[in-house]
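Overview (structure and organization)
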Amino acid sequence: MLRTRLVAAPVLVLLLAPATAQKLKEGLFRNVELCNSASSPETRIEACSAFIEAGRGGPSSLSIAYNNRGIAYAAKADYDRAVADFESAIAIDPAFVKPLNNRGATRLKKGEYDAAIEDFDRAIGLQPAYAGAFANRAETWLKKGDYARAESDYAAATRLNADMEDAWSGLCWIRAVAGDPQAAMETCDKAIGAGAHTASTYDSRALAHLKAGRPDAAIADYDAALRIDPELANALYGRGLAKLRRGKTSSGEEDIAAAKALRIDIAEEFARYGVQ
């Protein structure tokens, strides 16, 4: 099962005119450094705010500062402030694609799927090779239950960036749920090869094995997923089903009971995947 995530923009340099830079005090240089850094969200918010309030940068650097502060607010799950900052960044520099993507990712977190898709559409319109925006739009389609569009966008993301583990993992999940199990396993192998050693990726490949009638391989992947996330209901339930198919009735029923304690609707979810 995929998990919604905010894909942060890469750290960008705050650009300052040389004449201005010579006059800056040491504290302002420090604010620039911390606003750019992956420091704690609180530290980053304070530094970006100080830079913004100082009014010593040009439009480009100001837009970047708002974008970076928005990322920090999003990390704190303060999504309304994050959206406001991304909007400020976009208003200053409408061609700056990162805050468009980030506003979309934040709206995705808020469950505002149609608005998120509009942002990703705009980001891709400005930068057609933006793999991250394709991956984010794919996740939004997935949340809306449109597997065909989600698969298309994840596939586009992997073509644009063959090392994009999140996109491979997403493609792995969709193909495990709705596609050919063999194609799903091949895609999941690519996801893991790209570095997606996550509970969700192992869980997806396990589901593909389960649907293909390979319970031993499914159990091995579910075990790997549960070592990473011991309370992943999908992995517990799937492992339980795989164990039942191997005649391990007691152990399988224990896993299924544990999964149902975490997710009361887990059996119905697997039935939608075509697995009972």
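Residues numbered from 1 in each chain as written. Predicted model: local features only at pLDDT ≥ 70, side-chain atom pairs only at ≥ 80, totals over all residues. Heavy atoms only, no water.

1. With respect to the pattern of salt bridges
Under the convention used in this document: Salt-bridge detection follows one rule: a side-chain nitrogen of Lys or Arg within 4 Å of a carboxyl oxygen of Asp or Glu. Counting from the N terminus, the helices are the DSSP runs of H or I reaching at least four residues and the strands are the DSSP runs of E reaching at least two. We call a residue buried when its accessible area falls under 20% of the maximum for its residue type, exposed when it is over 50%, and partly exposed in between, using a 1.4 Å probe and counting protein chains only.
Taken as a whole, this structure holds 22 salt bridges when the rule is applied. In this structure, Glu87 engages Arg103 in a salt bridge whose closest nitrogen and oxygen atoms are separated by 3.8 Å. One end of the pair, Glu87, is in helix α5 (residues 79–92); the other, Arg103, is in helix α6 (residues 97–110), and 16 residues separate them in sequence. With relative accessibility at 34%, the residue Glu87 sits in the partly exposed group. Arg103 sits in the buried class, given a relative accessible area of 9%. Two residues, Arg239 and Asp223, come together in a salt bridge whose shortest N-O distance is 2.8 Å. Pair noted here: Arg239 is in helix α14 (residues 233–245) and Asp223 is in helix α13 (residues 215–228), with a separation of 16 residues, a long-range link. Using a relative accessible area of 16% as the deciding quantity, one classes Arg239 as buried.

2. Remarks on the packing of helix α8 (residues 131–143) against helix α9 (residues 147–160)
Heads up, the rule is: Think of each axis as a best-fit line through the C-alpha atoms, taken over the contacting stretch in the case of a helix, with angles from 0 to 180 degrees between the N-to-C directions. Oblique is the label for every angle not falling under 35 degrees (roughly parallel), over 145 degrees (roughly antiparallel), or within 65 to 115 degrees (roughly perpendicular). With the far helix as reference, a near helix turned anticlockwise by less than a right angle produces a left-handed crossing, and one turned clockwise produces a right-handed crossing. Contacts are residue-level and defined by heavy atoms, with any inter-residue pair within 4.5 Å sufficient. Any residue that is not Ala, Val, Leu, Ile, Met, Phe, Trp, Tyr, Cys, Pro, Asp, Glu, Lys or Arg is counted as polar, Gly included; the first ten are nonpolar and the last four charged.
In contact at an axis separation of 8 Å, α8 and α9 are set at 160° when each is read in the N-to-C sense. Here α9 runs roughly antiparallel to α8, going by the angle between their axes. Pair α8 / α9 crosses with left-handed handedness. For the pair α8 and α9, the contacting residues are Ala131, Phe134, Ala135, Arg137, Ala138, Glu139, Trp141 and Leu142 in the first and Tyr147, Arg149, Ala150, Asp153, Tyr154, Ala156, Ala157 and Leu160 in the second. Looking at the contact of α8 with α9 residue by residue, the classes come out as 12 nonpolar, no polar and four charged.

3. Considerations on unusual backbone geometry
Positive phi values are uncommon outside glycine, yet Ala77 reaches one of about 60°. Of note, Ala77 is situated in the loop between α4 (59–75) and α5.

4. What about the nonpolar core?
Rule in force here: Throughout, nonpolar core names a set of buried Ala, Val, Leu, Ile, Met, Phe, Trp, Tyr and Cys residues whose side chains join them through atoms within 4.5 Å.
Core analysis: the largest hydrophobic core is formed by 57 residues, its most contacted members being Tyr154, Leu207, Leu210, Tyr222, Tyr237, Leu241 and Phe270. What Tyr222 contacts, discounting residues up to four positions off in sequence, is Asp203, Ala206, Leu207, Leu210, Asn234, Ala235, Gly238, Arg239 and Phe270. Membership of the second largest hydrophobic core comes to 10 residues, among which are Val32, Ala47, Cys48 and Ala89.

5. Some thoughts on the packing of aromatic side chains
Formally: Pairing of aromatic side chains here covers Phe, Tyr and the six-membered ring of Trp, requires ring centres within 6.5 Å, and sorts the geometry by plane angle: under 30 degrees stacked, over 60 edge-to-face, intermediate tilted.
Under the counting rule described, the total for this entry stands at three aromatic pairs. Ring geometry for Trp173 against Tyr273: centres 5.5 Å apart, planes inclined by 90°, an arrangement best described as edge-to-face. Of this pair, Trp173 sits in helix α10 (residues 165–178) while Tyr273 is found in the segment after α16 (266–272), placing the two residues 100 residues apart along the sequence. What makes Trp173 buried here is its relative accessible area of 3%. For Tyr273, a relative accessible area of 7% corresponds to the buried category.

6. Thoughts on the state of the cysteines
To keep it simple, the criterion reads: When the sulfur atoms of two cysteines come within 2.5 Å, that pair is taken as a disulfide.
All told, the structure shown has two disulfides when counted by the stated rule. Two residues share a disulfide in this structure: Cys35 and Cys48, whose sulfurs sit 2.1 Å from each other. Judged by the torsion about the S-S bond (100°), the Cys35/Cys48 disulfide is right-handed. Of this pair, Cys35 sits in helix α2 (residues 26–36) while Cys48 sits in helix α3 (residues 41–54), placing them 13 residues apart in sequence. By relative accessible area, which is 0% here, Cys35 ends up buried. Since its relative accessible area comes to 0%, Cys48 is described here as buried. Here Cys172 engages in a disulfide with Cys188; their sulfurs sit 1.9 Å apart. One quick way to see it: the torsion about the S-S bond of Cys172 and Cys188 is about 85°, and its sign makes the bridge right-handed. One end of the pair, Cys172, is in helix α10; the other, Cys188, is in helix α11 (residues 181–193), and 16 residues separate them in sequence.

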